[in-house]
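The primary structure of each chain is shown beneath.
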Amino acid sequence: MSDKPSLPNAENTFRSSKAKDIPANSPIPHKNPSAFHIRRKKLSSWDSFLSKMLDSGTPSLRVLLWAVLDGVLVGAVVGLFRLVTGILVGYVRDLYEYIRMGHWWWLILIVAVSLAISLFIAWIIRSAPLVAYSGAADIEARLHSFEPAWWNWWRLLWRKFVGGTLALSSGLYLGCEGPSIQMGATVGLAITDATGFTKSHRRQLVAAGMAAGLAAAFTAPIAATLFLIEGDYLNREKFQYPLSTILASFVASVASGYITLLILGTSPDFILIHPTPLALHLYWELIPIGVGCGLLGYAYEKTLAWGVEIYDKLHIPHRLRVFIPLVLSIPIGLYLPATLGDGSFLARDLSVGAARVSIWLLFIYIVLRLIFAQISYGSGAPSGIFLPICSLGIIYGIFCGKVFAAFRLAPSSLAFYSLIGVGCLGGLFGSVIKKPLTAVVLAVEVTSFSDLRVIAIIAVISYFTTGLIDRIDKKVADKRKGVNSDSNGRDDSVPIKDLLDQDDIDIQDILDGTTNPNQQEEMYDS
């Protein structure tokens, strides 16, 4: 080894000279060398901690932190979407009131604008077929796939926003939650594309964005998380979400819901007269109400499938499909303007003025919303069905309350009508979407009604009724087609108990207008 002395370092020489000039016990911190180094060490340790937390922390913590950003962005997008569509559909109602005052020439302009909207929506759907219908079922199917196929986020995002705004603001019986879910998932995908180290957690952030979109559509973060969990059960033979994905979805939903409150305010989506607790001797009425709610849910499933199929059976060109419900909505807007839109305005109006509304008018509202909602959705317009289902449930509940009050079996009060309306909201949503737990919590969050008992009882009875009819109907249809007996004479008859344990019948199969996952991509290529 060499004994050659090391050359003096200029920096060390400068520091040593400074140290000689400054006493070690100096009362001034920035002139005390030991205090200076301790403070610098603390700052560097904090920088290292933050860096590790953001860049190289545990996967679950990293996903949760990015889920907050995901929820904030989704809340901003969906909140703006809801704000714009709500304002525009209000202007459309006012326009129809103005036309009824004698300004009938405006109808020509409405028809021309309806045709332009139909042509524009057909163009954006042709350029991006995923824009059509709800898109929520497609997102859920991709997330539960073991090898999900992703999409171009910008190509879908702006088309869904603009197309959904045009479809919803025109007054069709459609909801905003389908576009909200799809745009939320697309925002999550955009974050993973923009940041390199989040690509390994792409599925988690897309799922969190989907839940955040639903939470922003209803301002219901808990129901949005349960929607993801119950969807996991319905797809239990496919990819299952890990706990980190569920937690990330909840965090994103809370952040999204908060941003939505900042944009739209703290009022619940359905402002009803505060219901009073149901008397114990009236609980028996929940059984027929729940059964009727289940029958209505079954009718909703059937008419939804019919609404999607009728456009194909009639061979209506895609560029004119949205034009049909837009034209049909003109007489509805002229004579029943309160019914335009997703139905939340009508539900709020009825909850306040239910005493002066006849039973027959409520029945007309139910039939009209049941049929025209399917005509609107079957056209392929970018939209959703969740809010129309909730509104129909409230109207049906008020109808049942009026019927029982007419026979003097229940009190004739707005509080009782609102109570049954909230219960039927959860019952109809759970029976159609096949997620009863989500339905119960959603009914609480969108109405601020805290009594879960009535909602849960109606939801369970309704879900059981619809499920039983679905399975019996499928069994009868299979027997008519000869599916149950093959060439060897084998009997495939299944008892009712086994039918109740099957989960192969789901409304999600027709929410996107097709049961073939490849059909939607090819639908507008012809």
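Residues numbered from 1 in each chain as written. Predicted model: local features only at pLDDT ≥ 70, side-chain atom pairs only at ≥ 80, totals over all residues. Heavy atoms only, no water.

## Some points on the packing of helix α17 (residues 414–433) against helix α19 (residues 452–481)
Move 1: Running from N to C, α17 and α19 cross one another at 35°; their axes reach a closest spacing of 8 Å. In this structure, α17 crosses over α19, and the sense of that crossing is right-handed. Residue-level contacts link Leu419, Val422, Gly423, Cys424, Gly426, Gly427, Leu428, Gly430 and Ser431 of α17 to Val454, Ile455, Ile458, Ala459, Ser462, Tyr463 and Thr466 of α19.
Move 2: Here the contact of α17 with α19 is composed, by residue class, of nine nonpolar, seven polar and no charged. (Axes fitted to C-alpha atoms, helices over the stretch in contact; angles between N-to-C directions. Helix = DSSP H or I, 4+ residues; strand = E, 2+ residues; numbered from the N terminus. Left-handed = near helix turned anticlockwise from the far one by under 90°. Contact = heavy atoms within 4.5 Å. Nonpolar A, V, L, I, M, F, W, Y, C, P; charged D, E, K, R; others polar.)

## Details of a nonpolar patch on the surface
Move 1: On the surface, Leu80, Leu83, Ile87, Leu88, Tyr91, Tyr258, Leu262, Ile263 and Leu264 cluster together into a nonpolar patch covering about 820 Å² of accessible area.
Move 2: When contributions to the nonpolar patch are tallied by element, the ones reaching two or more residues are α3 (59–100) and α10 (243–264).
Move 3: If one sorts the elements of the nonpolar patch by residue count, α3 sits on top with five residues.
Move 4: Locating Tyr258 in the fold gives a position in helix α10. (Patch = residues over 30% accessible without salt bridge, like charges linked within 9 Å, V, L, I, M, F, W, Y side chains within 5 Å. Areas by Shrake-Rupley, 256 points an atom, 1.4 Å probe, with all protein chains shown as cover. Salt bridge = Lys/Arg side-chain N within 4 Å of Asp/Glu carboxyl O.)

## Observations concerning the environment of Asp451
Move 1: You can see Asp451 is positioned in the loop between α18 (436–447) and α19.
Move 2: Overall, the relative accessible area of 10% leaves Asp451 in the buried class.
Move 3: Sequence separation between Asp451 and Val422 is 29 residues, and the spatial gap between their C-alpha atoms is 9.9 Å. (Buried < 20%, exposed > 50% of the residue type's maximum accessible area, 1.4 Å probe, protein only.)

## Notes on the layout of surface pockets
Move 1: The computed volume of the second largest pocket comes to approximately 660 Å³.
Move 2: Looking at the lining of the second largest pocket, the element that brings in the most residues is α3, giving seven residues.
Move 3: Looking at side-chain class alone, the lining of the second largest pocket contains 14 nonpolar, nine polar and five charged residues. (1 Å grid on protein atoms, 1.4 Å probe; cavity = no way out; pocket = protein on both sides within 12 Å on 5 of 7 lines; lining within 4 Å. Points joined across faces, edges and corners; volume = space filled by probe spheres on them.)

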